Each structure stands twice: as C-alpha cells, then as structure tokens.
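Close look at the chain arrangement
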Amino acid sequence: MTDTSKRKLGSTGPSVSPIGVGFMSFRTGAGPDDEKAARDVVDAALGSGISFFDTADVYGPEHSEILLGRALKGRRDEATIATKFGNALDRGTNPNARINGSPEYVRAAIDASLRRLDVDHVDLYYLHRVDPTVPIEDTVGALKELVEAGKVRHIGLSEAGPKTIRRAHAVHPIAAVQSEWSLFSRDIELSTVPVTRELGIAIVPYSPLGRAWLTGAVRTRSDIKKQLAQHPRFAEENFETNRALADEVVAVAAELEVRPSQVALAWVLGRGDDVVPIPGTRHAEYVRENAGALTVELSSDQADRLGKLADQVAGHRSVQPQNLGTEAPESAK
Ligand SMILES: NC(=O)c1ccc[n+]([C@@H]2O[C@H](COP(=O)([O-])OP(=O)(O)OC[C@H]3O[C@@H](n4cnc5c(N)ncnc54)[C@H](OP(=O)(O)O)[C@@H]3O)[C@@H](O)[C@H]2O)c1
C-alpha cells in the first residue's frame, strides 16, 4: 500500500499531503456557483486529508486565486498554498503578454497574487515558464528576496530544463519542480527527474489524469472540455488511439474494483516519495475519489502493463511545446 503520510517538498521544503488539488478548472468568473464549487472542493479536500492547493495567476485569469483565497478564509493555516507567475500567455485580458521572469515582474506579480488570495504569504511560489530572455539567476535572485521578505516560504520552477534547474538551485534551494507526468506523459523521467533527485528537489506532476483521458470518462469527442478542443491529444486523428490506451486503465481499474482515476494516480504516486501529484477538479466528489488513490495498490504486472502506454500515445502533450523544458540564457555579466 502506498504511504499515506505526508511527503516532503525537497530537502528544504514543507511536508504536504501526498496528493494535492489543482485549481486550474476554476477558469470562469467568481460567481456564486463557482464560489460554492470552490468551497466544496476545499471542504472535501481538507476532510480527506488533502491540504496542498495549486493555483496560478493565469488560471481564470485571476479568478482561480480569488476563489481559492475565499474558500480558505478562516482556515488558511490548514493549507499549503502554491501559486505561479510568469506565464502570461493565455491571459484573456492581455493576449500580447509574454512569459516574464524579470525581477520587476516577480515583485509586482507576488503582490498581486497575495492580494487576490488575501493572504500575507504563499507557501510555494513557482516560475510558471522559464523566460528565454532572462537569466534564471536574475529571476531566482528576485524570488530569494521575496523569501527574505516573508512573502514566499519556498521557491519552485515549472517546466524548466535540467541546466536551468541546476543554476536556479545554486542561487536558492528549489523545493519543487512542476512538470507533466502521468501514464500518458513520461518524458521527464529521462530529463528532469534524474536532476531533481540528485539535487533533493520534489516533483509535482501536473495533469496526472492526462487532462481527463485517464479517468475513463472521455468516450467520444463530445466529452472534451472546450478549452481542450485544440489539444493535440484530443484531436480527431488521435482520438481513437488514445481512447483505446485509456481503456487499458479502465481494465486495470475493473480488476481492482476501483476507479480509473485512482489507478492513474496510484501509478504516479508509486514513482517515489518525492512525487506529489495535483489532479485538477472543480467537483468535490472527484476530490474524494482521487484521495482514495492513496490506498490503491497496483501489482507489478499491472504497473508494467500501464507503464507501456505512454510510448503509444498519439499527439504532443502540449499545444505550446516550445515553452517546455526551456533553458534560460546565460547571464551577460
Ligand atoms: N505548471 C503547469 O504548467 C501546469 C499545466 C497544467 C496544469 N497544471 C496544474 O495541474 C493541475 C491538474 O492538471 P489538469 O487539470 O491539466 O489535468 P488532470 O488533473 O490530469 O485532469 C483534470 C481533468 O480531470 C477531471 N477529473 C478530475 N478528477 C476526476 C475524477 N475522479 N473522475 C473524473 N474526472 C476527473 C477534471 O474534471 P473537472 O474539472 O470537471 O472536475 C478535469 O477535467 C491543474 O489544476 C493545475 O493546478 C499546471
């Protein structure tokens, strides 16, 4: 059985629940329905021992942080809050915004996130995407100042290349690197994971349910959420291949009499104690279901069968592959 106790985010980071909750599904307005859904998700999470919440300034944009802050009102101390800055690409309000890792932007972004979350510090602050024009030493130098000022407890990177992770860690300890990792996406096992393990940095796998493919709920193209309509893995030409692969997860779930999402999460959790997946949802019942993955045990035969799926998946894992695994430029100094 997978260890259900806390997992540590790197050698210097906090101990967190072994599974988190991703708040990217809260993309729409901060209306009463969304607010109730966010509160229900937080209630379900805390009630299931899940206290690690993942958001970002671009989710919504901005609404996700606002809703998480409101849902945690009065119980901030029970939660570990992670948010992100720097990936301004899909801000509906500013379509021309770019990835920004400049020190000035770091300072402005944290103040805006603290205001939206209505907290005086965040526990983990990630650079969402590496800025290809800013040396990582400059970005992490500014983040280190935020730690010293008490606005941020720990620093993380998302989708950073291996050399950039090393350079960043030399400026200030990096607690966690967030990257896509699931039964459908295993490429970081050869690039990022060896470096994070050498340096004592945790991995926070995002999209651990393959953006819903691994829940078994995607049967026809009409089941796809509208924001994923352009995603290569849901494209018409790739759909049947990927559905057949997802059926293998459904088959293993039937063998174990559990849910497919629990099988997918159990596999990710089984990659190591330094791994803390953050399945995303806006449904309280999914939070409880996903928490149930902590007690699911895969046989080695099942893990082997599932481990072969990623090589056969059709379509790239991102609509913006140019922004993944980016290495920052060297400093001109
Ligand atoms: N660092 C980055 O660049 C990055 C990129 C992507 C995501 N993330 C983070 O990672 C989190 C998770 O990634 P993700 O949302 O892309 O993908 P995911 O967790 O693989 O899948 C989320 C999808 O699965 C559905 N779902 C969740 N649990 C389910 C269950 N038990 N049964 C059926 N369906 C279920 C959700 O539905 P509902 O939403 O309708 O509940 C949502 O459509 C995000 O929320 C975000 O915090 C980070």
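Described in the following lines is the structure provided in the data block. These numbers come from a predicted model, not from an experiment.

Conventions and cut-offs
Residues numbered from 1 in each chain as written. Predicted model: local features only at pLDDT ≥ 70, side-chain atom pairs only at ≥ 80, totals over all residues. Heavy atoms only, no water. Buried < 20%, exposed > 50% of the residue type's maximum accessible area, 1.4 Å probe, protein only. Helix = DSSP H or I, 4+ residues; strand = E, 2+ residues; numbered from the N terminus. Pairing = 2+ DSSP bridges. Right-handed = clockwise from strand over helix to strand, strands pointing away. Axes fitted to C-alpha atoms, helices over the stretch in contact; angles between N-to-C directions. Parallel < 35°, antiparallel > 145°, perpendicular 65-115°, else oblique. Left-handed = near helix turned anticlockwise from the far one by under 90°. Contact = heavy atoms within 4.5 Å. Nonpolar A, V, L, I, M, F, W, Y, C, P; charged D, E, K, R; others polar. Near = heavy atom within 4 Å. Polar contact = N/O pair within 3.5 Å; in protein donor to acceptor, adjacent residues only side chain to side chain. Areas by Shrake-Rupley, 256 points an atom, 1.4 Å probe, with all protein chains shown as cover. Expected span 1.5 Å × (residues − 1).

Looking along a regular strand, one sees the side chains alternate between the two faces of the sheet. For strand β6 (residues 122–127), a buried count of six out of six residues is recorded, marking the element as mostly surrounded by other parts of the structure. When strand β5 (residues 80–85) meets β6, the two strands line up parallel, connected through four bridges. Its bridge partner lying in β6, Thr83 is registered against Tyr125. Looking at chain direction, β6 and strand β7 (residues 152–158) are connected through five bridges and run parallel. Within β7, the position partnered with Leu127 by the bridge is Leu157. Handedness of the crossover joining β6 and β7 through helix α4 (residues 136–148) is recorded here as right-handed.

A cis amide bond, omega -10°, links Gly60 with the succeeding residue Pro61. Mapped onto the elements, Pro61 comes out in the loop between β4 (52–54) and α2 (63–71). Here the phi dihedral of Glu62 falls at roughly 80°; this positive angle occurs in a residue that is not glycine. Even without glycine at this site, Arg211 takes up a positive phi of about 60°. Note on placement: Arg211 falls in the loop between β9 (202–206) and α7 (236–256). For Arg211, a relative accessible area of 22% puts it in the partly exposed group.

Attention now moves to the packing of α4 against helix α5 (residues 162–171). For the pair α4 and α5, the least separation of the axes is 9 Å and the interaxial angle reads 40°. Comparing the axis directions of α4 and α5 gives the class oblique. When you trace α4 past α5, the crossing you get is right-handed. Residues Ile136, Glu137, Val140, Gly141 and Lys144 of α4 form the contact with α5, whose own contacting residues are Thr164, Arg167, Ala168 and Val171. Grouping the amino acids of the contact of α4 with α5 by side-chain chemistry returns four nonpolar, two polar and three charged.

Moving on, we come to the site of the ligand. The ligand sits among 30 residues. The nearest are Ser25, Asp54, Leu209, Lys225 and Thr281. In the model, an oxygen atom of the ligand is placed 2.7 Å from a nitrogen or oxygen of the Leu209 main chain. When the free accessible area of the ligand is taken as 900 Å², the share hidden by the protein chains comes to 93%. Per element, the largest residue contribution to the shell around the ligand is three residues, and it comes from helix α9 (residues 284–291). Here the shell around the ligand is built from residues that sort into 10 nonpolar, 13 polar and seven charged.

Turning our eyes to something else, we now look at helix α3 (residues 103–117). Residues spaced three or four apart along an α-helix face the same direction, because each turn holds 3.6 residues. End to end, α3 covers 21 Å across 15 residues, agreeing with the expected 21 Å (1.5 Å per residue, within 8%). Taken as a whole, α3 has its buried residues at Val106, Ala109, Ile110, Ala112, Ser113, Leu114, Arg116 and Leu117. In this structure, the buried side of α3 is in contact with α2, β5, β6, α4 and β7. Looking at the residues trailing α3, positive phi occurs at Asp118, about 60°.

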